[in-house]
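# Structure assessment
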Amino acid sequence: NLRKNDRMKTLLTIAISLAFATVAVRADMANYQSTVTGQSPTYDFHFDNSLVDSVGGTATFTASGAGFGTDYSGNPNDAVSFSALADNLTLASPLIISGAGTTTAIGSMSMLFYMPSTVPSTAYLFSDHDTSPYFALAMSGGVFGLKIVNLTVTLPTPTANTWYYFGLTYNLNGTATGVNGANWYLGAVGGTLSSGFIQKGGSGNINTTTTMGDGGTFDLGNRRAFNNSLVGGEIDELATWNSQLSSGQITSQFNALTVSVPEPSACILFGAGGLLVLWKRRAFRRD
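The rules behind these values
Here the residue numbers are simple positions, counted from 1 along each chain's written sequence. At least 70 in pLDDT is required for a residue's local features to be given in this predicted model, at least 80 for side-chain atom pairs to be given and counted, and no such filter applies to totals for whole chains, interfaces and linings, which use all residues. To get the side-chain values, all heavy atoms of the structure are used, and hydrogens and water are removed first. Strands were regarded as paired on the criterion that DSSP finds at least two bridges between them. For helices the rule is a DSSP run of H or I covering at least 4 residues; for strands it is a run of E covering at least 2, with both sets numbered from the N terminus onward. To get an axis, fit a line to the C-alpha atoms, keeping to the stretch in contact for a helix; angles then go from 0 to 180 degrees between the N-to-C directions. The set of buried Ala, Val, Leu, Ile, Met, Phe, Trp, Tyr and Cys residues whose side-chain atoms join them within 4.5 Å is what this entry labels a nonpolar core. When a residue's accessible area, from a 1.4 Å probe over protein chains only, is under 20% of the maximum for its type it is buried; when over 50% it is exposed; and in between it is partly exposed. Working rule for contacts: check all heavy atoms of both residues, and any pair within 4.5 Å makes them a contact. Pairing of aromatic rings covers Phe, Tyr and Trp, the last counted by its six-membered ring, and requires centre-to-centre distances within 6.5 Å; plane angles under 30 degrees mean stacked, over 60 mean edge-to-face, and any other angle means tilted. Scored from 0 to 100, pLDDT records how confident the predictor is in each individual residue.

To continue, consider the sheet that holds strand S10 (residues 143–149). Here we have seven strands laid out as an open sheet, ordered S3-S6-S15-S8-S9-S10-S11, and antiparallel in their pairing. This sheet does not close on itself; its edge strands, each paired only once, are strand S3 (62–64) and strand S11 (151–154). Adjacent strand axes in the sheet meet at a mean angle of 20°, parallel and antiparallel pairs treated alike. The pairing of strand S8 (residues 123–129) with strand S15 (residues 218–220) spans two bridges and is antiparallel. Each residue of the ladder has a partner; that of Phe126, found in S15, is Leu220.

Structural data, given as C-alpha cells:
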C-alpha cells in the first residue's frame, strides 16, 4: 500500500507541475496603450492609420514615402512602415522632446520598432539632430547605439524579424553622481529588458555645456539628410513625457506587451496526468 501511495503522489505532483508551465505570448495592443495612457504622456502617437497625436491632437507628423503596416499584435495599418531610403516622418512643431535644443531637460520617451529581415548597416529610427549635439537612435556602421548630446552609447544589437521596445528617461538639470543623466531600456517583445545609465558631468560622460538635439525638426524613421531610413522596418507607439518616468513605470510598459498563459502542451499533459491518476486510483482500489 505504501508503494501504491508513493506512486499516486508522484503522478499527482508531476501533473500539478505541468499545469503551472506557462508561455509568454503577445498581448493585445490595447493592453499596452492603456498602460502608457495611464502614465499621462505629453504626446502619444498610436499610428493607428493616423499620424495625429492622441493627446488633444496638437501634434501631427508629415509623411514622405512612409506608409502604414501591421503592428506587433497583427493589426493592419497600425504601425508606420518604411520601404525606401528616403522614407520618413517629420514634425517641426511643437517640440515633442523635452529639452531639445536646451542645456537642461527632464523627460522620457518610449516606442516600439520592428527590425527588418536584413539588419541595415546604417538606419535611423529617430533623430532630433544626427550630429553634435546629438539626439538620435540609429544603427550606424553596423553598430546600434543611442546618440545623446556629445556621446554615442552602444546598445545591444537588435535581432532581425523581431519587434522591440525602446525607452529613455533623463534628467539633465544637474551633475549629481548616479542621479543626473539618462537611463535607456531595450528589449525584444516577450524577451528580457536590458538597461543602462549614462552619467552627466565628468570625463567621458554627457557634456554639461551642449544641448540635447537642436530643437529643430524631429525625424522619425530617418535622419535629417533623409538617406538612411529603416528600410523594411516599422515604428509604432511613440510617446513622450515632460517628466522622468521611474524604472517601474518603464518596466510596466514592457510587461504590458506580453502576458503569461498556460502552455497548450502543458494543459494537454495535465489532463492526461489527471486521467492517469484516476485510473491508477481505481486500479489500487481493485487491488
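From this point, things continue past the structure.
Within soluble globular proteins, side chains that are nonpolar tend to cluster in buried spots. Of all hydrophobic cores here, the largest spans 49 residues; its most connected members are Phe61, Ile96, Met111, Phe113, Phe166, Leu220 and Leu238. Those residues in contact with Phe61 that lie beyond four places of it in its chain are Phe45, Phe47, Leu51, Leu89, Thr90, Leu91, Ile96, Phe218, Leu220 and Leu238. Among the nonpolar cores identified, the runner-up in size contains 19 residues, and Val36, Tyr185, Trp241 and Leu257 belong to it.

All chains considered together, the criterion is met by twelve aromatic pairs. Residues Tyr72 and Trp163 carry aromatic rings whose centres are separated by 6.5 Å and whose planes lie at 65° to one another, so their mutual orientation is edge-to-face. On the criterion of sequence distance, the pair formed by Tyr72 in the loop between strand S4 (67–69) and strand S5 (79–81) and Trp163 in strand S12 (residues 162–171) is long-range, its members being 91 residues apart. With respect to burial, Tyr72 and Trp163 carry one shared label: buried.

Here we take up the confidence of the model for the protein. Parts of the model with low pLDDT should not have their predicted coordinates read in detail. When pLDDT is averaged along the protein, the result is 87; 82% of the residues meet or exceed 70. Residue range residues 11–22 is modelled with pLDDT below 50. Its contacts to residues more than four positions away, or to other chains, number 19 contacts. Residue range residues 265–281 is modelled with pLDDT below 50. Its contacts to residues more than four positions away, or to other chains, number 14 contacts.

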